[in-house]
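Each chain, letter by letter, is given below.
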Amino acid sequence: MAETFSDLIAAEDVLLFVNAAVTATGQREFHSGAQAQRLSLAFLHEYVRVNYRPVYAASLALDINDHNAVLIIEALLRTPREAGPEEKRVEGRLIARRLTMLPPQRVYRLFRGLRAAGVGNRRTRAILREWLATRPDLGHDAVKYRNGLKSAARHFHLPLSSGTTASMSSGTTASATTASRITGSRTAASGTAELGDFLFEPGRRKRYEHGLLDAYRRAHFEQGALYELPFTVAEGFAVKHGIPRGAFLERMEPRMTRLERLRTQRSVLAGSNADANGTDADSAPEARTDLTVMPLTRLALYVLSLAMDERMRRRAELTRALRTAARRAAGPYTGTWGRVAAVLDDSYSSSGSGEKRRRPLATALSCHFLLDALAAPGSYTPLWTSGCVDPLLVRPYGPTPLGTRIIDALDHAPDRLVIVSDGWDNAPPGLAGEVLRVWRTRLDREGRTSAVHLNPVYDADGFDVRRLAPSVPTAGIRDAEDLPALVEIAQFAEGRTGLAELRAYLDRRVQRFVDDDPFCRFPGGDIVPSAGGSTSGGSGRSRSSSGDSGNGGSARDEILSEGR
């Protein structure tokens, strides 16, 4: 069936929103302030939610960043009357699944925002109760996220247990799990009472059965107890007791996470006696932190935070870690992309802002190593805008001569051309777009080279990421690990695939995300068989599959039911 004009507009709107949800975080960028970012993003969220609510909810299954995932969840829970019963069932599953992927501090902040907005309907309470049931140890949350858990329990009238639980199996409901934790044994009842006293009447008990709760109590007057606490909580007690920073970090090191260890690494080294014993301080980080297990983009940010001389001294360690992380991110696509040429932006604007320091440059650096892993062996050509030939020593510097670098890249006749830049081509302005236009319309009409522009910066004025040329698709990117999926999304803006393919792609992503439930379809889509044999329509769920999927139980029924 021929695509209508409204179908094309809807597809463009969805792609525009996905680009924004991947890149924008509401923080200041190099070319725009934080307020402009927030206003632009708020308008875009409301526009897509009102006009394409099923797709707005389905975007939780895509590689959007945590900031936008929280905004989507909050908007869906605030506006239950805009969706029908079938859409709410799908939204409930998508929200519950996405919450398990978010950092706990973001989830607690989300529910504080819902409390401030006066949202407390049955569906919201059930979703939060199910999420709490999946937490490994609420006693740990009570210590580390005390205010968030206290606020949620008070506003949403949630029963609590300090006992540990594993994630629910398919046959166990949140309500059953919570009930068994609270009423199934004296231990659970004791844990409930302990958590309630700890959060709301901290002076009532002289001791707690839960180790962390009792350590927190003892840390107020006993220095040794603070070393049993999470690092961020113990820091405050260390200051209260006047413990030297170096000694505190040395003793807390076994309880620190990998990122906490990296953040405090220099302080640990400064406070240690490594130099006094004649050992090399530069070798200590290798022993303390295994960089090879870090995510690629986060590792690139860490590398860029190091001084140039330190990067040179640790060249072998850092390069090995970056290549290992890149191969892990490439996965089954390693070596399958053929000849690849990359134009990587390390101009001055890649320095980002005070809130997102060197984030665009870190994205380009991590994409460099990932593209090297994706390309066939010996078939990768990187071209930095500054002319740098050593990726480990890149720094934000100079203008953005994208046009010149694109010409150099096309000289290698690659199978794929990948441009990672914020799109501010200024040396001279507009040359990159003209080069890509002439190349696509006159020199490569057959499409022998596939080109894509990945932009790590959201343009608040344009409600999208800045584009180089209409003939080359542009996708937003934040983490290099999402590059293969984003290149797949970008093809829908190139004109080679139509609206039907975009609908099928969204369906597949949501089905993989929530594999035990029917899923939202693109607005206006006809009811068609899904991969699992069920049907789904524009409302998100078909009549034939609207029944329970075998996970029954009161809590899940509440999650899927209509909110008041």
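Each chain carries its own residue numbering, running from 1 in the direction its sequence is written. Two thresholds apply to this predicted model, a pLDDT of at least 70 for residue-level local features and 80 or more for giving and counting side-chain atom pairs, whereas whole-chain, interface and lining totals are computed over all residues. Excluded from the side-chain calculations are hydrogens and water; all other atoms, namely the structure's heavy atoms, are used.

Considering the sheet that holds strand 7 (residues 474-476)
Strands were regarded as paired on the criterion that DSSP finds at least two bridges between them. Note on conventions: DSSP H or I runs of at least 4 residues are helices, E runs of at least 2 residues are strands, and numbering of each starts at the N terminus. Taken together, the five strands give an open sheet; going across it, the order is 2-1-3-4-7, and neighbouring strands pair in parallel fashion. One side of each edge strand has no neighbouring strand; the edge strands of this open sheet are strand 2 (380-384) and strand 7. Neighbour-to-neighbour, the strand axes of the sheet open up by a mean angle of 20°, direction not taken into account. In the sheet, strand 3 (residues 416-420) pairs with strand 4 (residues 450-455) via five bridges, with the strands oriented parallel. Directly across from V418, in strand 4, lies its bridge partner V452. In what follows, a contact means two residues having at least one pair of non-hydrogen atoms within 4.5 Å. Comment: axis = line fitted to C-alpha atoms, over the contacting stretch for helices; angle = value between 0 and 180 degrees taken between N-to-C directions. Against the sheet, helix 24 (residues 483-490) engages strand 3, strand 4 and strand 7, with an angle of about 115° to strand 4.

Some details on the pairing of strand 2
Burial runs high along strand 2: four of the five residues are buried. With five bridges joining them, strand 1 (residues 340-344) and strand 2 adopt parallel strand pairing. Counted as the bridge partner of V343 is L383 from strand 2. With its strands directed away from the observer, a crossover is right-handed exactly when the path from the first strand over the helix to the second travels clockwise. At this point the chain moves from strand 1, through helix 21 (residues 359-374), to the parallel strand 2, and the crossover so formed is right-handed. Exposure categories follow from relative accessible area, calculated using a 1.4 Å probe and restricted to protein chains: below 20% of the type maximum is buried, above 50% is exposed, and the middle band is partly exposed.

Regarding the pattern of salt bridges
Salt bridge, as applied in this entry: a Lys or Arg side-chain nitrogen positioned within 4 Å of an Asp or Glu carboxyl oxygen. For the structure shown, the criterion picks out 29 salt bridges. With a closest N to O distance of 3.1 Å, E310 and R314 form a salt bridge. Assessed through its relative accessible area of 12%, E310 is described here as buried.

Side note on unusual backbone geometry
Cis geometry is adopted by the peptide bond preceding P428, which originates at A427 and carries an omega value of -10°. At R358, a position not held by glycine, the phi torsion is positive, near 60°. Locating R358 in the fold gives a position in the loop between strand 1 and helix 21. A relative accessible area of 25% means that R358 is categorised as partly exposed.

Focus on the side chain of D464
In this structure, D464 sits in strand 6 (residues 464-465). Look at D464 and you get buried, because its relative accessible area is 8%. Whenever a nitrogen or oxygen atom comes within 3.5 Å of another N or O atom, the pair is scored as a polar contact, on the condition that within protein one atom can donate a hydrogen and the other can accept it, and that pairs from neighbouring residues in sequence are kept only if both atoms are in side chains. Within the local environment of D464, its side chain forms a polar contact with the side chain of R467, the two groups lying 2.8 Å apart. Setting aside residues no more than four positions away along its own chain, D464 makes contact with L16, N19, Y458 and D459.

Remarks on the confidence of the model for the protein
Residue-level pLDDT values for the protein average 79, and 78% of them are 70 or greater. Counting contacts from residues 270-287, a segment whose pLDDT is below 50, to residues more than four positions away or on other chains yields 13 contacts. This stretch, residues 517-564, has a pLDDT under 50; its non-local contacts, to residues over four places away or in other chains, come to 123 contacts. pLDDT is a residue-level measure of predictor confidence that goes from 0 to 100.

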